[in-house]
Amino acid sequence: MVNFKSEIAKAISKITNIDEKELETYIEIPPNSDLGDYAFPCFKLAKTLKKAPPVIAQEIKEQICLGKDILEKIEIVGGYLNIYINKEELTKNVFWEIEKKKELYGSSNIGNGKNVVIDYSAPNIAKPFHIGHLRSTVIGGSLYKIYNFLGYNSVGINYLGDWGLQFGKVMAGYDMWKDEYDFTKDEIQAILKIYIRFNQEEKEKPELTEKAREYFKRLEDGNEKEIKTWKWIRNLSLANYQKTYDLLNSKFDSYNGESYYNDKMDAVVEELREKNLLKPSEGAEVVDLSEYDMPPCIIITSAGTTIYATRDLASLKDRINKYNFEKAIYVVGNEQRLHFKQVFKVLELMGYPEYAAKCEHVPFGLVVDKDGEKIGSRKGNSVFLEDILKEAMQKVEKIIEEKNPNLEDKKEVARKVGVGAIIFNDLSNSRIKDEIFDWDMLLNFQGETGPYIQYIYVRTKSLLEKAGYTPEIEKVDFSKLKETEAIQTIKLLYRFNEIVENAALKNEPSIVARYLIDVAQSFSSFYNEHKIITEDKAVQDARLALTYCVGTVLKTGVTLLGMEMPNKM
Ligand code: ARG
């Protein structure tokens, strides 16, 4: 496919003798296509060329050498060159490329097979898997797909919180109260109730905390009974999470969590000691980070045990050895910002600056209701992911029952639309913002939602079906697509790869999500203004080809977000 931007840069480079890569970064896309498809700000070159911007603009306009297949016209406005490209050629390029690559349209190989390690989901076993983990699971899951699409090799790691004092609490509580709970039906719920009760009673009876410590110590020491109970709880929880992961279509390449590093910590502590990084501090051992304006990173607590940061360092070293990663991404809430800054800094000080530079914390905001209240924050009242997903599916099924009672496979469609609505809601705004969770909003088929995109896709499907369309791109007369809405849509389709690359660069799936809304809306305004099925066969064929291309990109796009497309709804 022709890269219009770089062709323009190349042509300007010939005139100005300025590096074309540099010039390319100056080229803008005007917000309004009346100002051209691309705009070049000549004032950026004024200093280097020692000429006034209007003079530069005039010179470039007169001397530029771009074939008719690329350039339609150039206008000078202010210090800008407004460049209009040949729309027929653009359309031809985009349509042929989509026809050729199909669901791979937009992909590339900039990753060259290099490993990107993505740490996401990471619920804490024996504690409730609540809505906060939804964000990590969904954002990480989308990044996983986006990186693969760009030729990287994504490695998904579910770094389970499967070690720690919470197990001591559950085990102590279990031994005290197991007869009061029903373990025959829903063991996970029973365990959770014990955990929540323990936390409540602990407030009045501090001796319970001591007891939990003793249980956990026995676990750490490898005591058989505790190991057995731990395994039982871990397996139960994993089987339970799997139900949610199946619904969300989440895949992991490794479930090595905190427990996996229990016996691998000594080596890290030793290395830190050898490199003279450990300093005693109030009975604990820490890495002093005052020089970097950070509180010390605790490695060994005053009780002599290792801690979250120690385990993260051990797992990082493991990931370096196993994957020699190009990037290591941690999709974890914003409240852990300092933790990751400290861990990456310690890794650097340990003598691995090149890897520390490849680590990135990808934070995200809270989930709040429409009044801005944090969801799932009240003790013992956590909202479960699985329940939310099920509720979404039920709600959608009800809508379908009202609107389209004869639809086949209602349940399957409700799953794709319901789960898709939840995923899209999570990804549709920049991740650092708090996510507003509001049923009416996220299920609104007319809003900027997952169901809206799916609905437009289904429209493309039914249009193509109605017309008995089979792609015959060689027969399409590209000059038949002249309408503003058509051109606007085609220009969006043209940019798909750039959008996906940008989403990876910023670790921001919302860039893809917003783009899909733009494509859907743009196509929707096209077919609201212009009939697709029409008397003029040549016009119809061109419009159908556009419909097909839009459908293809929408489908690939939602797949990158981790959603599935229904064929009907
Ligand atoms: N289990 C942790 C939590 O829920 C998140 C773990 C994130 N990953 C990591 N390598 N620290 O808070």
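The structure we're discussing is the one just above.
Cut-offs and rules
- Residues numbered from 1 in each chain as written.
- Predicted model: local features only at pLDDT ≥ 70, side-chain atom pairs only at ≥ 80, totals over all residues.
- Heavy atoms only, no water.
- Buried < 20%, exposed > 50% of the residue type's maximum accessible area, 1.4 Å probe, protein only.
- Helix = DSSP H or I, 4+ residues; strand = E, 2+ residues; numbered from the N terminus.
- Contact = heavy atoms within 4.5 Å.
- Near = heavy atom within 4 Å.
- Polar contact = N/O pair within 3.5 Å; in protein donor to acceptor, adjacent residues only side chain to side chain.
- Core = buried A, V, L, I, M, F, W, Y, C linked by side-chain atoms within 4.5 Å.
- 1 Å grid on protein atoms, 1.4 Å probe; cavity = no way out; pocket = protein on both sides within 12 Å on 5 of 7 lines; lining within 4 Å.
- Points joined across faces, edges and corners; volume = space filled by probe spheres on them.
- Nonpolar A, V, L, I, M, F, W, Y, C, P; charged D, E, K, R; others polar.
- Phe/Tyr/Trp six-rings, centres within 6.5 Å; stacked < 30°, edge-to-face > 60°.
- Lys NZ or Arg CZ within 6 Å of the ring centre and 35° of its normal.
- Salt bridge = Lys/Arg side-chain N within 4 Å of Asp/Glu carboxyl O.
- Pairing = 2+ DSSP bridges.
- Axes fitted to C-alpha atoms, helices over the stretch in contact; angles between N-to-C directions.
- Parallel < 35°, antiparallel > 145°, perpendicular 65-115°, else oblique.

### Comments concerning helix 19 (residues 484-494)
Next up, step 1: Burial within helix 19 is extensive, with 9 of its 11 residues counted as buried.
Next up, step 2: Turning to helix 19, its buried residues are Glu485, Ala486, Ile487, Thr489, Ile490, Lys491, Leu492, Leu493 and Tyr494.
Next up, step 3: The secondary structure elements touched by the buried residues of helix 19 are helix 1 (4-16), strand 1 (38-41), helix 5 (87-101), helix 20 (496-505), helix 21 (510-529) and helix 22 (537-561).

### Some details on the site of the ligand
Next up, step 1: Residues in contact with the ligand, as listed here, are Asp119, Ala122, Asn124, His133, Tyr159, Tyr308, Asp312, Tyr330, Val332, Gln336 and Phe340.
Next up, step 2: A distance of 2.9 Å is found between a nitrogen atom of the ligand and a backbone nitrogen or oxygen belonging to Ala122.
Next up, step 3: At a separation of 2.6 Å, a nitrogen atom of the ligand approaches a polar side-chain atom of Asn124.

### Re the side chain of Asp426
Next up, step 1: Turning to its location among the elements, Asp426 is positioned in helix 16 (residues 410-427).
Next up, step 2: Given the relative accessible area of 2%, Asp426 is considered buried.
Next up, step 3: Beyond its immediate chain neighbours, meaning those up to four positions away, Asp426 contacts Leu134, Arg135, Val138, Ile139 and Glu435.

### Here's the deal with the nonpolar core
Next up, step 1: Phe40, Phe95, Ile453, Leu493, Leu546 and Leu554 are the most contacted members of the largest nonpolar core, which totals 153 residues.
Next up, step 2: Considering every element that reaches this core, the biggest residue donor is helix 22, with 12 residues.
Next up, step 3: Residues Leu272, Phe340, Val343 and Leu347 belong to the second largest nonpolar core, which totals 38 residues.

### Observations concerning empty space enclosed by the protein
Next up, step 1: A full pass over the atoms with the stated rule returns 2 cavities of 30 Å³ or more.
Next up, step 2: Of the pockets and cavities examined, the largest cavity occupies roughly 50 Å³.
Next up, step 3: In terms of residue count, helix 16 provides more of the lining of the largest cavity than any other element does, 5 residues in total.
Next up, step 4: Grouping the constituent residues of the lining of the largest cavity by class yields 5 nonpolar, 2 polar and 3 charged.
Next up, step 5: What the second largest cavity holds in volume is close to 40 Å³.
Next up, step 6: Taken together, Ile157, Ser254, Asn256, Tyr261, Asp318, Arg319, Lys322 and Tyr323 make up the full set of residues lining the second largest cavity.
Next up, step 7: Here the lining of the second largest cavity gets 4 residues from one element, more than from any other, and that element is helix 12 (residues 308-323).
Next up, step 8: Partitioned by chemical class, the residues of the lining of the second largest cavity number 3 nonpolar, 2 polar and 3 charged.

### Thoughts on the packing of aromatic side chains
Next up, step 1: In the structure shown here, the tally under the stated rule is 29 aromatic pairs.
Next up, step 2: A ring pair is formed by Phe183 and Trp232, whose centres lie 6.1 Å apart and whose planes are at 40°; its orientation type is tilted. Of this pair, Phe183 sits in the loop between helix 7 (165-177) and helix 8 (187-204) while Trp232 sits in helix 10 (residues 224-248), and the two are 49 residues apart along the sequence.
Next up, step 3: Take Phe183: its relative accessible area is 19%, and that puts it in the buried class.
Next up, step 4: What makes Trp232 partly exposed here is its relative accessible area of 28%.
Next up, step 5: For the ring pair Phe252 and Tyr255, a centre distance of 5.5 Å and an interplane angle of 65° mean the geometry is edge-to-face.
Next up, step 6: Classification of Phe252 as buried rests on a relative accessible area of 11%.
Next up, step 7: For Tyr255, a relative accessible area of 26% puts it in the partly exposed group.
Next up, step 8: Taken together, the ring pairs in this structure connect Tyr120, Tyr241, Tyr245, Phe252 and Tyr255 into an aromatic cluster.
Next up, step 9: Over the ring of Tyr174 we find Lys178; its NZ or CZ atom is 5.3 Å from the centre of that ring.

### A look at the pattern of salt bridges
Next up, step 1: For the structure shown, the criterion picks out 44 salt bridges.
Next up, step 2: With a shortest N-O distance of 2.9 Å, Arg234 and Asp162 are connected by a salt bridge. Within this pair, whereas Arg234 is found in helix 10, its partner Asp162 is found in the loop between strand 5 (153-157) and helix 7, the two being separated by 72 residues in sequence. Comparing Arg234 with Asp162, the two get one shared label, buried.
Next up, step 3: Close ionic contact of Lys411 with Glu397 constitutes a salt bridge, the shortest N to O distance being 3.1 Å.

### Section: the sheet that holds strand 1
Next up, step 1: As summarised here, the arrangement of the 3 strands in space is 1-3-2, forming an open sheet in which the pairing is antiparallel. With one partner strand each, in any of the chains shown, strand 1 and strand 2 (71-77) form the two edges of the open sheet. Recorded for the sheet is a direction-independent mean angle of 20° between the axes of neighbouring strands.
Next up, step 2: Here 6 bridges tie strand 2 to strand 3 (residues 80-85), and the two strands are oriented antiparallel to one another. Each bridged residue has a counterpart across the sheet, and for Ile76 the counterpart in strand 3 is Leu81.

### Points about the layout of surface pockets
Next up, step 1: Its boundaries defined by the atoms lining it, the second largest pocket holds a volume of some 680 Å³.
Next up, step 2: Lining the second largest pocket we find 29 residues, and of these Ser33, Asp37, Ile487, Gln488 and Lys491 sit closest to its centre.
Next up, step 3: The biggest single contributor to the lining of the second largest pocket is helix 19, with 6 residues.
Next up, step 4: Here the residues of the lining of the second largest pocket are counted per class, giving 14 nonpolar, 5 polar and 10 charged.

### Topic: the sheet that holds strand 8 (residues 297-300)
Next up, step 1: Here 3 strands make up an open sheet; going across it, the order is 6-7-8 and the pairing antiparallel. Strand pairing shows two members of the sheet lacking a second neighbour, strand 6 (278-281) and strand 8, which therefore form its edges. Shown here is a sheet whose adjacent strand axes are inclined to one another by a mean of 45°, direction ignored.
Next up, step 2: In the sheet, strand 6 pairs with strand 7 (residues 284-287) via 4 bridges, with the strands oriented antiparallel.

### Looking at unusual backbone geometry
Next up, step 1: Notably, Lys50 is not glycine yet its phi reads approximately 55°, a positive angle.
Next up, step 2: When you line up the elements, Lys50 lands in the loop between helix 3 (46-49) and helix 4 (53-63).
Next up, step 3: Since its relative accessible area comes to 73%, Lys50 is described here as exposed.
Next up, step 4: The phi dihedral of Asn249 falls on the positive side, at around 65°, and the residue is not glycine.
Next up, step 5: Along the chain, the position of Asn249 falls in the loop between helix 10 and helix 11 (265-274).

### Focus: the side chain of Thr91
Next up, step 1: Locating Thr91 in the fold gives a position in helix 5.
Next up, step 2: Residues contacting Thr91, with those up to four places away along its chain left out, are Phe478, Leu481 and Ile490.

### Observations regarding the packing of helix 20 against helix 21
Next up, step 1: One can describe the packing of helix 20 onto helix 21 by two numbers: an axis separation of 8 Å at closest approach and a directional angle of 150°. Taken together, the axis directions place helix 20 and helix 21 in an arrangement best described as roughly antiparallel. Counting all contacts with helix 20, which are made through Phe496, Ile499, Val500, Asn502 and Ala503, the residues of helix 21 involved are Ile511, Val512 and Tyr515.
Next up, step 2: When its residues are assigned to classes, the contact of helix 20 with helix 21 shows 7 nonpolar, 1 polar and no charged.

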